Amino acid sequence: MKKQRPVNLDLTTISFPAAAISSILHRISGVIMLVAIGLLVWALAVSLQSANDFAVVQGLFTGWFAKFIAWGILTALSYHLLAGVRHMVMDLGYWEEIKSGGLSAKLVFVLTVVLSALAGVWLW
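Residues numbered from 1 in each chain as written. Predicted model: local features only at pLDDT ≥ 70, side-chain atom pairs only at ≥ 80, totals over all residues. Heavy atoms only, no water.

A. Local environment of the side chain of Ser47. Assignment of secondary structure puts Ser47 in helix α1 (residues 18-47). The buried category is assigned to Ser47, whose relative accessible area is 13%. There is a polar contact of 2.9 Å between the side chain of Ser47 and the backbone oxygen of Leu44. Apart from residues lying up to four places away in sequence, Ser47 is in contact with Asp53, Phe54 and Val57. (Helix = DSSP H or I, 4+ residues; strand = E, 2+ residues; numbered from the N terminus. Buried < 20%, exposed > 50% of the residue type's maximum accessible area, 1.4 Å probe, protein only. Polar contact = N/O pair within 3.5 Å; in protein donor to acceptor, adjacent residues only side chain to side chain. Contact = heavy atoms within 4.5 Å.)

B. Layout of helix α4 (residues 98-123). Taking 1.5 Å per residue, 26 residues should reach 38 Å; α4 reaches 37 Å between its end C-alpha atoms and fits that length. Along α4, the positions that sit buried rather than exposed are Gly101, Gly102, Ser104, Ala105, Val108, Thr112, Ser116, Ala119, Gly120 and Leu123. For α4, the elements touching its buried residues are α1 and α3 (64-91). (Expected span 1.5 Å × (residues − 1).)

C. Layout of the layout of surface pockets. What the largest pocket holds in volume is close to 220 Å³. As for the largest pocket, its lining consists of 13 residues, of which Ser29, Ile32, Gly72, Thr75 and Ala76 are closest to the centre. For the lining of the largest pocket, the elements supplying multiple residues, two or more each, are α1, α3 and α4. Top contributing element to the lining of the largest pocket by residue count: α3, with seven residues. When its residues are assigned to classes, the lining of the largest pocket shows nine nonpolar, four polar and no charged. In this structure, the second largest pocket encloses a volume near 160 Å³. Leu39, Leu40, Phe61, Ala66, Lys67, Ile69, Ala70, Ile73, Leu74, Trp122 and Leu123 together form the lining of the second largest pocket. Among the secondary structure elements, those contributing two or more residues to the lining of the second largest pocket are α1, α3 and α4. (1 Å grid on protein atoms, 1.4 Å probe; cavity = no way out; pocket = protein on both sides within 12 Å on 5 of 7 lines; lining within 4 Å. Points joined across faces, edges and corners; volume = space filled by probe spheres on them. Nonpolar A, V, L, I, M, F, W, Y, C, P; charged D, E, K, R; others polar.)

If you want it as structure tokens, here you go:
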């Protein structure tokens, strides 16, 4: 029996709830941190080779663009941490309802903006 049901493949017309956006961003922030770990381990390895290489890496990380990258890494880290705690609380059986799940997702967004602003003040 073939069911006739509508198929909407245009993702720009779909309205995602806050909890779905939070889950998607949690995955994206994890990928960002995976790439960031590679960058930071490379910088650590180069900086430990000699005093001259340390100065080169230090020079790279004092520029405006490097501070912006570091701010992005810290923002992704703070979001991933907060959303991970949210997911662990949901695994314990709390915030699983639509209303409380949406509220907890919005709370994670707000706290991430606050932590991101604090990271920006700290870096600059």
